[in-house]
Amino acid sequence: MRGGAVAVLASGALALVLAGCGSGDGGEAGAGLSVDGAYMPQPVSDSLAAGFLTVTNDGGDDDTLESVTSDIAGQVTVHETVGQSMREVDGLNVPAHGKLVLESGGNHLMFEQLKRKPKEGETVSVVLHFAHTDPVTVEMPVKPMTYRPASGN
């Protein structure tokens, strides 16, 4: 299984097999948005990593996560997973009085062109850019490759 998982991650397809859904450190995004459960499984690839978090919208208006930036990667892309396929999207809806959950096997962040390979115990800083809310910085702890957070997002 390990060799197969490494090959899958290296090819960029279904990099999410290695982690569970998120819970952990977070922050306030403002305007009714809060972020929690952010984490990155320690990447096995030198160039790719995945990231997971939950955005909760307690406000009465929808918002959209449009992009993510991080100084650790050349680019961070937002991916949607439908069935067994993942694809890059221009944004993901954060519904009013609802949640946007980025989790293993589902919607997620892909850190591409890593400038360095983050290690377990480090923290990666990411900035979430929304359509209607000011950008918010989230500290994303790097967890073991096999990390499975408690459910409850």
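Scroll up to find the structure this text is about.
This one's a predicted model, so the numbers in the text were calculated from it and none came from an experiment.

J.: Which parts of the structure should I look at to understand the nonpolar core?
T.: For soluble globular proteins, the rule of thumb is that nonpolar side chains tend to be buried together. Of all hydrophobic cores here, the largest spans 29 residues; its most connected members are L53, L109, F111 and L128. If we skip the residues at most four places from it in the chain, L109 touches A49, A50, G51, L53, V68, V76, T77, V78, L102 and M140. Formed by 6 residues, the second largest nonpolar core is a distinct cluster that contains A50, F52, M110 and Y147.

J.: Got a minute to help me understand unusual backbone geometry in this structure?
T.: Positive phi outside glycine occurs at H97, with the angle close to 55 degrees. The residue H97 is located in the loop between β7 (92–94) and β8 (98–102) in this model. With relative accessibility at 62%, the residue H97 sits in the exposed group. In this structure, Q113 is a non-glycine residue whose phi angle is positive, near 55 degrees.

J.: Hey, could you run me through the packing of aromatic side chains in this one?
T.: One pair of aromatic rings is described through two measures. These are the centre distance and the angle between the planes. Overall, the coordinates contain 2 aromatic pairs when judged by the stated rule. Judged by centre distance (5.3 Å) and plane angle (40 degrees), the rings of Y39 and F52 are tilted. Of this pair, Y39 sits in strand β2 (residues 33–41) while F52 is found in strand β3 (residues 48–57), placing the two residues 13 residues apart along the sequence. The exposure class of Y39 is buried, given its relative accessible area of 0%. Accessibility expressed as a relative area gives 0% for F52, which makes it buried. Summarising the aromatic geometry, the rings of Y39 and Y147 are spaced 5.0 Å apart at their centres and angled 75 degrees between planes, so their arrangement reads as edge-to-face. Taken together, the residues Y39 in strand β2 and Y147 in the segment after β11 (136–143) connect sequence positions 108 residues apart. One residue, K143, lies across the ring of Y147, its end atom 5.1 Å from the ring centre.

How each quantity is defined
- Residues numbered from 1 in each chain as written.
- Predicted model: local features only at pLDDT ≥ 70, side-chain atom pairs only at ≥ 80, totals over all residues.
- Heavy atoms only, no water.
- Core = buried A, V, L, I, M, F, W, Y, C linked by side-chain atoms within 4.5 Å.
- Buried < 20%, exposed > 50% of the residue type's maximum accessible area, 1.4 Å probe, protein only.
- Contact = heavy atoms within 4.5 Å.
- Helix = DSSP H or I, 4+ residues; strand = E, 2+ residues; numbered from the N terminus.
- Phe/Tyr/Trp six-rings, centres within 6.5 Å; stacked < 30°, edge-to-face > 60°.
- Lys NZ or Arg CZ within 6 Å of the ring centre and 35° of its normal.

Read these as layout, nothing more, since geometry by itself doesn't imply function.
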